[in-house]
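# Structural description and commentary
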Amino acid sequence: MNTISFVLAEAESPNVTGSWKVDITFANDQHRFLRFDAQNDGKGSLTLTDPQSKVWAGANPSEAKWTAGDGNSITFSGPVEFPIGNVGRDAGALTLKGKFDTPDLITGEVDFSPLVGDGPSKHGTFKAVRAGGG
């Protein structure tokens, strides 16, 4: 009689590395779009993909970081500059805290804290979908 035994390891966290399309909806129903590119070492980049950012000679990626939390939770953050109309930029720190709903979908809450002036922080929700080939 053969005996087969299995050792069950703790479930692995979903894989963050790769490119993610992020759709942000702030409380004022303002939508912002960006791409988050995650690398293995907790580093990455954020690039605005809003239609307005194309007016600004293309958006340059900014350095970002990510950390995996308990269970399926993930936090990623970095500096961004959202265009304001045709004349200004709203620079600040963006922090997204979410959970993997599936290996290719993260949903959660977002906070944007302006770096300049006395503007209030913006809060909202986000959905990140893994870009093809991820």
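Everything that follows concerns the structure shown earlier in this document.
Residues numbered from 1 in each chain as written. Predicted model: local features only at pLDDT ≥ 70, side-chain atom pairs only at ≥ 80, totals over all residues. Heavy atoms only, no water.

### Thoughts on the sheet that holds strand β6 (residues 88-102)
The line we're drawing: Any two strands between which DSSP finds at least two bridges are classified as paired. Strands here are runs of E lasting at least two residues and helices are runs of H or I lasting at least four, both read from the DSSP assignment and numbered beginning at the N terminus. Angles here are taken between N-to-C directions and fall from 0 to 180 degrees, while the axes themselves are lines fitted to C-alpha atoms, restricted in helices to the stretch in contact.
Read around the closed barrel, the 8 strands follow the order β1-β2-β3-β4-β5-β6-β7-β8; overall the barrel is antiparallel. Between one strand axis and the next, the sheet turns by 30° as a mean value, whatever way the strands run. As paired strands, strand β7 (residues 105-114) and strand β8 (residues 122-130) are joined by 8 bridges and run antiparallel to one another. Each bridged residue has a counterpart across the sheet, and for V110 the counterpart in β8 is G124.

### Details of the pattern of salt bridges
Here is the rule: Think of a salt bridge as a Lys or Arg side-chain nitrogen and an Asp or Glu carboxyl oxygen that are within 4 Å of each other.
This model, assessed by the stated rule, comprises 3 salt bridges. The shortest N-O distance in the salt bridge between R35 and D37 comes to 2.9 Å. For K122, the salt bridge is made with D90, and the minimal N-O distance between the two is 3.3 Å. With K122 in strand β8 and D90 in strand β6, the pair connects residues that are 32 residues apart, well separated along the chain.

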